[in-house]
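These are the residues of each chain, in order.
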Amino acid sequence: MIPSVLPTYSRAPLTFVKGEGAWLIEADGRRFLDFGAGIAVNALGHAHPALVEALTRQARELWHTSNLYRIPQQQALADQLVAATFADTVFFTNSGTESCELAVKMARKYWHDKGQPARTDIVTFAGSFHGRSSAGIAAAGSEKMTKGFGPLLPGFIHLPWGDHAALQAAITDTVGAILIEPVQGEGGIRPLPDQCLKGLRDLCDEHGILLILDEVQCGMGRTGKLFAHEWAGIAPDIMMVAKGIGGGFPLGAVLATEQAAAGMTAGTHGSTYGGNPLACAVGSAVMDIVATPDFLAEVNRKAGLLRQGLEGLVASHPSVFEAVRGSGLMLGLKCRATNTDVVSAGYDALIVTVPAADNVIRLLPPLTLGDAEITEALRRLDAAAQAVSSA
Ligand SMILES: *Cc1c(COP(=O)(O)O)cnc(C)c1O
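So, here is what we can say about the structure in this document.

Rules used in this analysis
Residue positions within a chain follow its written sequence, with the count starting from 1. The predicted nature of this model means local features are confined to residues of pLDDT at least 70 and side-chain atom pairs, given and counted, to a pLDDT of 80 or more, with totals for whole chains, interfaces and linings taken over all residues. Side-chain numbers come from the whole structure's heavy atoms, not from hydrogens or water. Numbering of helices and strands runs from the N terminus, with a helix taken as a DSSP run of H or I at least four residues long and a strand as a DSSP run of E at least two residues long. In this analysis, the expected span of each helix is defined as 1.5 Å times one less than the number of residues it contains. Buried means the residue's accessible area, taken with a 1.4 Å probe over protein chains only, is under 20% of the maximum for its type, while exposed means over 50%, and partly exposed covers the values in between. Should any heavy atoms of two residues lie within 4.5 Å, those residues are considered in contact. Between N or O atoms, a polar contact is any pair within 3.5 Å; within protein, one atom must be a potential hydrogen donor and the other a potential acceptor, and residues adjacent in sequence are included only when both atoms are from side chains. The rule for a salt bridge is simple: a side-chain nitrogen of Lys or Arg has to be within 4 Å of a carboxyl oxygen of Asp or Glu. Strands are labelled as partners when DSSP assigns at least two bridges between them.

With respect to helix 9 (residues 277-290)
Here comes step 1: For helix 9, built from 14 residues, the straight-helix expectation of 20 Å at 1.5 Å per residue is met to within 8% by its first-to-last C-alpha distance of 20 Å.
Here comes step 2: Among the 14 residues that make up helix 9, 12 are buried, leaving the element largely enclosed by the rest of the structure.
Here comes step 3: Of all the residues in helix 9, the buried ones are P277, L278, A279, C280, A281, V282, G283, S284, A285, V286, M287 and V290.
Here comes step 4: Elements in contact with the buried residues of helix 9: helix 2 (49-61), helix 3 (72-84), strand 4 (89-93) and helix 10 (293-316).
Here comes step 5: One side-chain oxygen of the residue at the start of helix 9 lies 3.0 Å from the amide nitrogen of L278, identifying that residue as N276.

Quick word on the pattern of salt bridges
Side chains that carry opposite charge are capable of pairing whenever their charged atoms lie near each other.
Here comes step 1: For the structure on display, the rule yields 14 salt bridges.
Here comes step 2: In this structure, K109 and D113 form a salt bridge, with 3.0 Å as the shortest nitrogen-oxygen distance. Remark: D113 and K109 occur in helix 4 (residues 96-113); sequence separation between them is 4 residues, near one turn of the helix.
Here comes step 3: According to the relative accessible area criterion, K109 is partly exposed, its value standing at 23%.
Here comes step 4: Judged by its relative accessible area of 42%, D113 is partly exposed.
Here comes step 5: In this structure, the salt-bridge partner of R301 is D371, at a minimum N-O distance of 3.0 Å. Placement of the pair is R301 in helix 10 and D371 in helix 12 (residues 371-389), with a sequence separation of 70 residues.

A look at the pairing of strand 3 (residues 31-34)
Here comes step 1: Pairing analysis gives 3 bridges linking strand 2 (residues 23-26) to strand 3, with the strands arranged antiparallel. Counterpart to L24 in the pairing with strand 3 is F32.
Here comes step 2: The hairpin formed by strand 2 and strand 3 contains 4 residues between the paired strands, and G29 there has a positive phi angle of roughly 100°.
Here comes step 3: Of the strand pairs in this sheet, strand 3 and strand 15 (residues 351-352) are connected by 2 bridges, and their pairing is parallel. The residue of strand 15 that forms the bridge with L33 is I351.

Take a look at the structure:
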């Protein structure tokens with residue numbers, strides 16, 4: 001008999017009932033260190049007082065009105081995002097997938113309105129992940145995500161990772177945009193080198209096409225800048241955001257320049273929930289904390305500590321781990337052992353990590369974690385590695 005919840009997830013046998021900062025408490029009382037943060041969502045950890053306060057205060061006033069009316073919380077969050085980034089304008093969604101949908105529509109509408117409606121193609125890269133909608137799976141293009149779901153949305157050109165010649169050859173007069181994650185998340189924590197991101201920006205400028213960045217996982221302070229592309233000193237035309245921006249409340253956004261967004265006039269797009277007062281009240285509270293130089297400096301300091309410890313861990317368990325990679329507090333351990341075995345051994349050692357493609361385990365702790373929690377996490381990862389190597 002089919003379970004009452006559609007069985008599309010393979011779930012770990014864990015039931016968390018409470019969260020406190022970087023800690024998750026299981027129904028049986030065990031305390032796990034949370035180095036998954038709900039896949040880079042709980043940027044400020046669990047039950048952060050400022051977020052609880054923002055949510056409950058708004059919950060007592062007004063939950064939802066729809067975008068038929070002005071929403072001051074939405075306006076405030078848009079102003080914060082515009083002030084802190086390259087963007088001139090913001091549309092709010094409820095997820096990364098919906099942000100992908102709008103990014104694709106915005107790029108196509110841009111060229112339509114410019115009188116070049118044939119420029120519908122968007123170049124994407126192997127190992128990418130842009131969500132599970134029809135556009136999202138077509139954009140990523142992997143067999144794993146698309147098999148059985150055809151016909152796929154046309155208009156995506158899939159390129160291998162790091163093949164510069166293929167990239168040059170792919171930019172024809174049907175291409176309107178390039179879409180890429182500055183640090184691949186699901187693909188196995190693969191950072192795009194800064195000079196490659198700069199090269200993509202130059203290529204887009206040369207051909208007058210749009211650069212769309214998917215910062216759903218790597219954005220919102222995760223890499224130690226508010227957005228990962230800032231490390232390369234470039235700006236996109238359109239950017240997808242979600243995950244960390246709501247700190248656990250469902251919220252996403254598409255940020256864009258005035259020029260890239262020019263086609264998105266009244267009536268061209270919408271969302272019932274997107275940018276509702278509850279979500280935006282929380283999003284504002286997240287931005288108040290994350291988008292400050294002191295907070296980001298701390299993320300970088302702690303990332304340095306964690307990375308140094310992980311290098312030591314890899315050195316002492318060469319049969320389990322091959323290398324550390326990633327950026328800021330978006331780190332991956334490339335495994336020699338099977339990554340899911342390491343994640344399971346982590347559960348036994350009371351630390352939560354997340355598997356990714358390319359036999360990697362992801363370490364995505366709350367950005368608020370403390371130094372003592374880093375030390376404890378390294379101890380628990382060491383215990384997990386010992387269990388795997390002696391199994
Ligand atoms: C998670 C993710 C998405 C999809 O976001 P959802 O909120 O799950 O719809 C898209 N792009 C990237 C890079 C992601 O990590």
